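Structural overview
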Amino acid sequence: MRSVRVVIPAETREYERRVALVPDVVPRIVRSGLEVLVESGAGLPSYATDDDFRAAGAAVAAGDALDLTEAAVVASVQPLPVQQAVELSERTVTISFLQPAAEPELVEIFARRKVTAFSLDRVPRITRAQPADALSSQALVAGYRAVLVAAARLPKFFPLFMTAAGTVPPARVLVLGAGVAGLQAIATARRLGAVVEGYDVRAAAAEEVRSLGAQFVELELETQEGVGGYAREQSAEFLARQRELIGERVAIADVVITTAAIPGRPAPRLVTTEMVEAMRPGSVIVDLAAESGGNCELSRPGEEIRHHDVLVWGARNIWSDMPAHASKLYANNVAALLLLMTKDGDVSPDLDDEVLAGCCVTHAGEVRA
Ligand code: NAI
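Residues numbered from 1 in each chain as written. Predicted model: local features only at pLDDT ≥ 70, side-chain atom pairs only at ≥ 80, totals over all residues. Heavy atoms only, no water.

1. Quick look at the site of the ligand
The environment of the ligand is formed by 25 residues, the closest being Arg125, Gln130, Val180, Asp200 and Arg202. One of the side-chain nitrogen or oxygen atoms of Gln234 is found 3.2 Å away from a nitrogen atom of the ligand. About the coverage of the ligand: the protein hides 85% of its 840 Å² of free accessible area. Considered class by class, the residues forming the shell around the ligand number 13 nonpolar, eight polar and four charged. Taken domain by domain, the shell around the ligand gets at least three of its residues from each of domain 1 (4-132 + 323-367) and domain 2 (142-321). (Near = heavy atom within 4 Å. Polar contact = N/O pair within 3.5 Å; in protein donor to acceptor, adjacent residues only side chain to side chain. Areas by Shrake-Rupley, 256 points an atom, 1.4 Å probe, with all protein chains shown as cover. Nonpolar A, V, L, I, M, F, W, Y, C, P; charged D, E, K, R; others polar. Domains from an automatic or database assignment.)

Laid out in structure tokens, this is it:
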């Protein structure tokens, strides 16, 4: 029998340092009867060499020798480039952060070529799907990293210090948006000894924020639950009132970390220029939503802006600042999804499975909603 091949191409998009599979995770896939082929150099930006992949049981091929027509599965972090997508054979499975709304051309190509495309941004937020939940694993990386970025830039300590040279009060950190990234930011800032406040529009977040030893900021606003545990988009009036109330908390914070997001929509604007100007000089804002429009009016993705002596740091592919562990977690998510559709060494997705159905974007020539 011909072996079923899982191909890992090198990422090609700017600023992307992650890789879809790391050597540690290769044996899990090989044990399930699949063959793994990695493009030479694909792991180097996240510090995995071709030899590491070979030692783990994968084959390695130079980019110009990589034949995607033979692939049963192609796994990547970013969506495949169009020139690779048009090489795929019918029934090939692709796994990536496809973001179908942002990639209509690619979705059309996958449908036309009868590729079965899975998008890791669509994995249902249910318990059984958690091992494949790459949004959560990457949000954890982002939340952790955001705090380190802020701590390294703040001209103050995070913890309380009582020393012979005097007592230093702890830094005050405000985290806006308490989803997976926000909660990780709260936990990390607490571990560094800061006094932390958290806020979210979802009522359920209050308990989670408090369980991490932070204060939940209660605003006199109705809660804004959406579907699937996400927030819904808020009205302009709601956001204006929210900004008014948040302003006071922002003004007394040394660090503000913003993580607020609404799936498929631009990020809500929570921190205005006026609020930034009311902060103490030396304060730091880290905006994890900078790439989707920004929670802070002044943030720009990939830029560090100084405004009135406040530093505004806009994230751009923050996961690539920690490519080794971001890739490791992502690779585990990819393997979990892949093994869900693998039986007896064959890859054959069952779209009656709730998890696979939830994140399948194209199958057998059709685009699924
Ligand atoms: P996300 O990245 O879409 O958004 C981040 C946070 O921003 C959310 O908590 C959201 O409520 C908040 N937000 C939106 N607009 C806001 C505003 N105007 N002001 C303040 N906060 C605002 O969310 P994420 O991190 O992907 O989590 C979404 C939900 O999914 C959460 O309830 C989380 O607990 C849940 N979840 C469930 C899992 C499961 O398997 N059961 C796994 C992972 C997440």
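2. Remarks on the pairing of strand β1 (residues 4-8)
With four of its five residues buried, β1 lies for the most part within the structure. As paired elements, β1 and strand β2 (residues 34-39) share five bridges and run parallel to each other. Pairing of Val7 across the sheet is with Leu37, part of β2. For the crossover that starts at β1, traverses helix α1 (residues 26-31) and ends in the parallel β2, the hand is right-handed. Pairing analysis gives two bridges linking β1 to strand β4 (residues 73-75), with the strands arranged parallel. Bridging across to β4, Val6 finds its partner in Val73. (Buried < 20%, exposed > 50% of the residue type's maximum accessible area, 1.4 Å probe, protein only. Helix = DSSP H or I, 4+ residues; strand = E, 2+ residues; numbered from the N terminus. Pairing = 2+ DSSP bridges. Right-handed = clockwise from strand over helix to strand, strands pointing away.)

3. Thoughts on the state of the cysteines
Enumeration over the complete set of coordinates arrives at zero disulfides. Of all cysteine sulfurs in the structure, the one in Cys359 sits closest to Cys360, which takes part in no disulfide; the separation is 7.3 Å. Judged by relative accessible area, Cys360 falls into the buried class, the value being 1%. (Disulfide = S-S within 2.5 Å.)

4. Points about the packing of helix α5 (residues 134-153) against helix α6 (residues 180-191)
Look at α5 against α6: their axes get within 7 Å of each other, and the N-to-C directions meet at 40 degrees. If you check the angle between α5 and α6, you find them oblique. Regarding α5 and α6, the two cross each other, and that crossing is right-handed. Of the residues in α6, those touching α5 at Ser136, Ala139, Leu140, Gly143, Tyr144 and Val147 are Val180, Ala181, Gln184, Ala185, Thr188 and Ala189. Looking at side-chain class alone, the contact of α5 with α6 contains eight nonpolar, four polar and no charged residues. (Axes fitted to C-alpha atoms, helices over the stretch in contact; angles between N-to-C directions. Parallel < 35°, antiparallel > 145°, perpendicular 65-115°, else oblique. Left-handed = near helix turned anticlockwise from the far one by under 90°. Contact = heavy atoms within 4.5 Å.)

5. Examining the pattern of salt bridges
Across all of its chains, the model carries 17 salt bridges by this definition. Across the pair Arg112 and Glu108 runs a salt bridge whose closest N-O atoms are separated by 3.1 Å. On the criterion of helical spacing, the pair formed by Arg112 and Glu108 is a turn pair, its members being four residues apart in helix α4 (residues 104-112). Arg112 gets classed as exposed once you look at its relative accessible area, which sits at 51%. With a closest N to O distance of 3.0 Å, Asp133 and Arg125 form a salt bridge. Its relative accessible area of 7% is what places Asp133 among the buried residues. By sharing partners, the salt bridges in this structure join Lys156, Asp254 and Arg280 into a single network. (Salt bridge = Lys/Arg side-chain N within 4 Å of Asp/Glu carboxyl O.)

6. Side note on the sheet that holds strand β10 (residues 195-199)
The sheet built from seven strands is open, its strands ordered β11-β10-β9-β12-β13-β15-β14 with mixed pairing. Looking at which strands have only one partner, the edges of the open sheet turn out to be β11 (215-216) and β14 (304-307). In terms of strand pairing, strand β13 (residues 284-287) meets strand β15 (residues 310-314) through four bridges, oriented parallel. Residue pairing across strands places Ile285 opposite Val312, the latter belonging to β15. Along the sheet, helix α8 (residues 236-251) makes contact with β9 (172-176), β10 and β12 (255-258), crossing β9 at roughly 160 degrees.

7. Structural notes on the domain arrangement of the protein chain
Splitting the protein chain by domain gives domain 1 (4-132 + 323-367) and domain 2 (142-321). Taken residue by residue, the interface counts eight residues in domain 1 and eight residues in domain 2. Contact between domain 1 and domain 2 buries roughly 690 Å² in total, counting both sides, with carbon and sulfur atoms accounting for 46%. Among the residues of domain 1 in contact with domain 2, Tyr15, Arg18 and Arg125 are the three that bury the most area, contributing 67% of the side total. Counting every contact that joins domain 1 to domain 2 gives zero salt bridges. Counting across the interface, domain 1 meets domain 2 through seven residue pairs in polar contact (both at pLDDT 80 or more). Across the side of domain 1 that touches domain 2, the residue classes tally to three nonpolar, one polar and four charged. (Buried area = accessible area lost by both parts, 1.4 Å probe.)

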